[in-house]
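Given next are the chains, with one letter for each unit.
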Amino acid sequence: MVDKLQLYREAHPPLTSTNTKWQLYGTGMEYFGKEDRPVTEISPNFGPGNLLVRHDAVGLCAADVKLIRLGQQHPRIAQDLSKEPVVVGHEVTLTVIGVGENLKDKFKPGDRFIVQPDIYKNGIGYGYGFAIDGGLSEYSVIDSRVLDGDAGCYLLPIRATTGYAESALTEALAAVTAAYRLTFRATFKPQGVTWIIGTTDAKPIYTISTGFDNDSYPAKLLLTNVPEEFGIYLKQKAARLGVVVEEVSDVKNPPAELIDDIVLLGGDPDLIEQVCPRLAYTGVLSVMADRPVSRKVKLDMGRVHYERWVFTGAATTDISDAYLKPAARSTLKPAGKVWFMGSGGPIGRMHVQRAVQLKDGPKAILCTDLSKERVEVLEKTNTKECNERSIRFQTLTRDQADYDQQLTAFAGEGFDDIIVCAPSADAIAEALPHLASGGVINIFAGVAKNTFVEFDYSPSFLKGVRVIGFSGSTVEDMQITLDLIEAGEFAPNRLVAAIGSIEAAKDGLKAVQTSRFPGKIVIYNHIKELELTPIPELKTRLPSVYAKLKDGVEWTQAAETELLRLMLK
């Protein structure tokens, strides 16, 4: 008897005559597919410099939903979708089934890979599942953009023993990994633009102990209303270092260029709000003040996430303290206390799982979410392991009558880290007052640019906190994540909430859109038609697959093997 699963794993037979795929033809879910179904076309041909690949599994993501919702208006879509539709899906695992003549020394049929989807070639961004046809197709052709892009090859090899679901979810987990690998400047940006602004609260003299010396200094220094003695000090230093100095008489008419570092000498709330929009990508806003700002300040948290702005400050007169004394870290504080906000969704669960399994991780974890069902899932999947690791673990829902009291009791003197996994300005505003001295708040969820949060800046910068954010991941982030998965230190299968065949992809994306599941949806492209199926419902639909789950709730590689054994076409 032919072992269909073994033949599949060996990429033999390599190809069917048809290719089923989901394409986006316009803006909105009604333009995804044809009459709510994927299209079926002739299988693609490939040239001497190409690979023909089989997409084995795809994780569905909120970014896919955003692409469908924005359609023609999405920033990564340049073509006319009505004429050149795109195949959606970027969390993908694939197998090589055809190798072009020019690539036979590097690839062979049966090789397995995941894809870093943030692809650049000659400085132009493409995106797997955006400008390059993505994973919601049975087969696809990969060209030089992926194989020889600006970061090299965007394919990362995976072991033959690594599961399809766990490898497909590597990309989603890599964004979580990347959030804790961010690095921040400990000085003014070398050869950048620095703007120092005096206020009525400015002290007579300040210093800069590091970052404005022979080892590191900006190319240009802008000065506005700087106290006379400090201004002389700065100009003398600038002259020795060859730094261009310009006087800016009015902050309402700043120079045209964006600023890498803005330093306010005093906590003037009007000035903070006025100059903050002038920050460049990875810009730092520092406020030097030893007393509270007179009112709450509105700052753009969307730009923190997408442009990696950093807000910080110090209560001293050494400007270097604003860069060095706050915790210049993105990692969770070892043995610290962390709060995951909006932690019941797929991304939040990834953050929590990572924290629980981290070797030098926190010793107290609070998870909050709007959904009681979601926090119950968090409890089921993490409580036992937290107990084994002596981690204090608690969940709360926002509608609990004693929510505020429980939060305050858990917070104590404050959280060392707060990770905001909900794209909510209200969540960010709620979190900020609960940071401990030297604490870090990471705006992980992508609130839109021009999302302003009003908060009391004073307790934050006087305690030396940092407000940071992040979007995306690199090839290196994905490789680190894959290594953790293949070493058994990260368990993405724990996140799988529902599965289906390629025909179920649209229903799956609608489920992502409505946050139906407290976990990830994985599509298996080459199984017989299977409607979107929550993991618990496998008990009645596919009982032999259900029997392979862990504790009746957790997807496993054994369950996946049984699914493929039963359901491969």
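Predicted model, so just to flag it, every value in this text is computed and none were measured. (Residues numbered from 1 in each chain as written. Predicted model: local features only at pLDDT ≥ 70, side-chain atom pairs only at ≥ 80, totals over all residues. Heavy atoms only, no water.)

Another point: the overall build of the protein. Of the regular secondary structure elements, the protein holds 19 helices and 28 strands. Overall size of the protein, expressed as C-alpha extent along the three principal axes, is 90 × 55 × 40 Å. Excluding contacts between residues fewer than 6 apart, the proportion of contacts in the protein whose partners are at least 24 apart in sequence is 76%. On the protein, roughly 23400 Å² of surface is accessible, and the fraction owed to carbon and sulfur atoms is 50%. (Helix = DSSP H or I, 4+ residues; strand = E, 2+ residues; numbered from the N terminus. Contact = heavy atoms within 4.5 Å. Areas by Shrake-Rupley, 256 points an atom, 1.4 Å probe, with all protein chains shown as cover.)

Relative orientation of the contacting elements helix α2 (residues 62–70) and helix α16 (residues 505–513) amounts to 100°, with a least axis distance of 9 Å. It follows from the interaxial angle that α2 and α16 lie roughly perpendicular. For the pair α2 and α16, contact is made by A62, D64, V65 and I68 and by L509, V512 and Q513, respectively. A breakdown of the residues in the contact of α2 with α16 according to their chemical character gives 5 nonpolar, 1 polar and 1 charged. (Axes fitted to C-alpha atoms, helices over the stretch in contact; angles between N-to-C directions. Parallel < 35°, antiparallel > 145°, perpendicular 65-115°, else oblique. Nonpolar A, V, L, I, M, F, W, Y, C, P; charged D, E, K, R; others polar.)

With 53 residues, the main nonpolar core has I196, F212, F230, L234, I319, F340 and I365 as its most contacted residues. Considering every element that reaches this core, the biggest residue donor is helix α5 (residues 170–179), with 6 residues. Ignoring anything within four residues of it in the chain, the contact list for I196 reads L221, L222, L223, T224, V226, F230, L234, V263, L265 and I319. In terms of nonpolar packing, the next biggest core, distinct from the first, is built from 49 residues, W195, W339, Y457 and V465 among them. (Core = buried A, V, L, I, M, F, W, Y, C linked by side-chain atoms within 4.5 Å. Buried < 20%, exposed > 50% of the residue type's maximum accessible area, 1.4 Å probe, protein only.)

Looking now at unusual backbone geometry. The phi dihedral of D36 falls on the positive side, at around 65°, and the residue is not glycine. The residue D36 is located in the loop between β2 (23–24) and β3 (39–42) in this model. Looking at D36, the relative accessible area reads 47%, which means it is partly exposed. Positive phi values are uncommon outside glycine, yet R308 reaches one of about 55°. Position of R308 relative to the elements: it lies in the loop between α8 (301–307) and β18 (310–314).

On to the side chain of S167, then. The topology assignment puts S167 in helix α4 (residues 164–168). By relative accessible area, which is 1% here, S167 ends up buried. For S167, the side chain forms a polar contact with the main-chain oxygen of Y164, separated by 3.1 Å. Those residues in contact with S167 that lie beyond four places of it in its chain are T93, R112, I114, I158 and T162. (Polar contact = N/O pair within 3.5 Å; in protein donor to acceptor, adjacent residues only side chain to side chain.)

Look at helix α10 (residues 346–357) against helix α11 (residues 372–388): their axes get within 11 Å of each other, and the N-to-C directions meet at 10°. Taken together, α10 and α11 sit at an angle that is classed as roughly parallel. The crossing of α10 and α11 is right-handed. Across from P346, R349, V352, Q353, V356 and Q357 in α10, the residues of α11 making contact are R374, V377, L378, T381, N382, E385 and C386. (Left-handed = near helix turned anticlockwise from the far one by under 90°.)

It is worth spelling out the pattern of salt bridges at this point. On inspection of all chains with the given rule, the structure shows 35 salt bridges. Salt-bridge contacts for K121 lead to D148; the nearest nitrogen and oxygen are separated by 3.9 Å. With K121 in strand β8 (residues 120–121) and D148 in the loop between α3 (144–147) and β11 (155–157), the pair connects residues that are 27 residues apart, well separated along the chain. By relative accessible area, which is 48% here, D148 ends up partly exposed. Between E273 and R295 there is a salt bridge, and its shortest N-O distance comes to 2.9 Å. With E273 in helix α7 (residues 269–275) and R295 in the loop between β16 (279–288) and β17 (297–300), this residue pair connects regions lying 22 residues apart in the sequence. Here E273 falls in the partly exposed class, since its relative accessible area comes to 25%. What makes R295 partly exposed here is its relative accessible area of 32%. Overlapping salt bridges bring together D300, R303, E307 and K449 as one network. (Salt bridge = Lys/Arg side-chain N within 4 Å of Asp/Glu carboxyl O.)

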